[in-house]
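An overview of the molecular structure
Listed below are the residues making up each chain.
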Amino acid sequence: MSSVDLKLVGGRVHLPSGPASCDIGVRDGRIVALGSVGDAGETLDCSGLDILPGVIDSQVHFREPGLEHKEDLESGSRAAVLGGVTAVFEMPNTNPNTDSEAAIADKLARAKGRMWCDHAFYVGATADNAEILGELERLPGTAGVKIFMGASTGNLLVAEDRELARVLASGHRRVAVHCEDEARMNARADARVPGDPSSHPVWRDDESAILATRRILKLAREARRRVHVLHVTTPAELELLAQHKDVATCEVTPQHLTLAGETAYPELGSHAQMNPPIRSAAHRDGLWHWLNQGVPDVLGSDHAPHTREEKAQPYPKSPSGMPGVQTLLPLMLNHVAEGRVTLQRLIDLTSAGPQRIFGLVRKGRIAAGYDADFTVVDLKAKWTIEESWLASRCGWSPFTGMELTGRPVGTIIRGNRVMWQGELANAALGEPVSFESVAFV
């Protein structure tokens, strides 16, 4: 065949049919050949490495505009590609909120030439914009609508059923939902113990999560609208969601699969504080049970950085959230190495799953015609997460010092070698991702 721009050789390639030993040919940013590939402008030797479809993190908070002292689009996306992530969906609780056409356009303009990975931005639902969400969700570069049922970082909140129904009635795409019941949490505010972040999951308890999840499932069914329940933390929710797959998909996070409250709060203090909370080891083990039953559809990092100074405030003044986009894949590769999850299932959660439930165009698999997005990993590499490796502006991670097996070696986006062996390319080349539902707007 005719020459290609880039040829990846020698690696174990994870195709939709399973792992295979084959070369990959790339031309004009797309995969054009699998198997025998002719001459190439550049040949990348991946001997001893595994080539995965590009990892997609469908929940990050990069804090721009308004909160750039914590993170911005450049630093957050740089952390993403250093961790092997090729695309992100960024959340709307910025300052100002991303809740209008102008705000989406502003983020897209800020991202151009600065974001290292491909990207899309959620629009935040409010009582004021409910009627026009159907228009906003179809804007190019928009990942869809995000609902906060319980107050978290920022001031986006849609807590009442009547307002939630208005939001769900406007538009057709899948709606992402933070499920914690605001009324219950307000009533339980006294459960917070000043100076003791281990009281966080006592305050934002299991019932606050499952109550909100039950409510959104009922409203979604009434509205005939698909929803996506973010960062599920209780096994009971996953058992419930398994019964509602016709209207709901769901996400779990690496931190809820890795940390347990019994050790996280004594060791990390408020650095383990997030919404919904890190819960007990029994909760963590229950999430693993349902993950291996196939219930969660995607993994998201819920990357939500705050500065050390902010986190040092005494609980409950300390803000909720932790960084995670750079450690999402390393943590999960370690879980693969320890036998908790197969690599095939991890690929489904981080590439095929996001493509399937969000309708991404040309993303999520290694196949001819798809974007040449690859996450290249060394499954046998043993290493330790060190602070010097972290790119997030906040400068810390709850996983610093962890010894892992499995490491991202390369991040290739649309045929561009954005990261290789920890070294970044000369320029940020991220572009907005496309969705089937807005492809012909």
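The residue numbering used here restarts from 1 in each chain and proceeds along that chain's sequence as written. Reporting of local features is limited, given that this is a predicted model, to residues whose pLDDT is at least 70; pairs of side-chain atoms are given and counted only at 80 or more, and all residues count toward the totals for whole chains, interfaces and linings. As a rule here, side-chain values cover all heavy atoms of the structure and leave hydrogens and water aside.

**With respect to the overall build of the chain**
Strands here mean DSSP runs of E at least two residues long; helices mean DSSP runs of H or I at least four residues long; both are numbered from the N terminus. Looking only at helices and strands, one finds 14 helices and 19 strands in the chain. Against the 2.2 N^0.38 benchmark of 22 Å for 441 residues, the chain shows a C-alpha radius of gyration of 21 Å, consistent with a compact globule. Only protein chains enter the accessibility calculation, which uses a 1.4 Å probe; a residue whose area is less than 20% of its type maximum is buried, one above 50% is exposed, and one in between is partly exposed. Residue burial in the chain is summarised as follows: out of 441 residues, 62% are buried. We call two residues in contact whenever any of their non-hydrogen atoms come within 4.5 Å of each other. Within the chain, contacts between residues separated by at least 24 positions form 74% of all contacts whose residues are at least 6 apart in sequence. Surface exposure here means Shrake-Rupley accessible area, sampled with a 1.4 Å probe, where a residue is shielded only by the protein chains that are shown. Within the structure as shown, the chain displays about 16,200 Å² of accessible surface, and the carbon and sulfur contribution to it stands at 48%. The chain carries 46 positive and 56 negative side-chain charges, and their two centres are separated by 3 Å. Taken over C-alpha atoms, the radius of gyration is set against a globule rule of 2.2 Å times the number of residues to the power 0.38. A positive count includes Lys and Arg, and a negative count includes Asp and Glu. His and the chain ends are not counted in either. For charged residues, the charge sits on one atom: NZ in Lys, CZ in Arg, CG in Asp, CD in Glu.

**Remarks on the sheet that holds strand β10 (residues 118-124)**
For two strands to count as paired, DSSP must find a minimum of two bridges between them. Taken together, the eight strands give an open sheet; going across it, the order is β8-β9-β10-β11-β12-β13-β14-β15, and neighbouring strands pair in parallel fashion. Each end of this open sheet is capped by a strand with a single partner; those strands are β8 (55-60) and β15 (298-299). Alignment of strand β14 (residues 248-252) against β15, held across two bridges, turns out to be parallel. What sits directly across from Glu251, in β15, is Val298.

**What about the packing of helix α13 (residues 328-337) against helix α14 (residues 343-358)?**
Note on method: axes are straight lines fitted to C-alpha atoms, helices fitted across the in-contact stretch only, with angles between N-to-C directions ranging 0 to 180 degrees. Remark: α13 packs on α14, axes separated minimally by 10 Å, with the N-to-C direction vectors making an angle of 155°. Taken together, the axes of α13 and α14 are roughly antiparallel relative to one another. Between α13 and α14 lies a crossing of right-handed hand. Here Leu328, Leu329, Met332, Leu333 and Val336 of α13 lie close against α14, whose contacting residues are Leu343, Leu346 and Thr350. By the definition adopted for this analysis, an angle is roughly parallel if under 35 degrees, roughly antiparallel if over 145, roughly perpendicular if from 65 to 115, and oblique otherwise. Handedness of each helix crossing follows the sense of rotation of the near helix against the far helix: counterclockwise by less than a right angle gives left-handed, clockwise gives right-handed.

**Section: the environment of Arg214**
Topologically, Arg214 is positioned in helix α7 (residues 206-223). With 26 residues separating them in the primary sequence, Arg214 and Leu240 have C-alpha atoms 8.1 Å apart.

**Brief notes about the pairing of strand β1 (residues 4-9)**
For β1, the buried fraction is high: five of the six residues fall into the buried class. Bridging between β1 and strand β6 (residues 40-45) involves five bridges; their strand directions are parallel. Its bridge partner being in β6, Val9 is matched across the sheet by Asp45.

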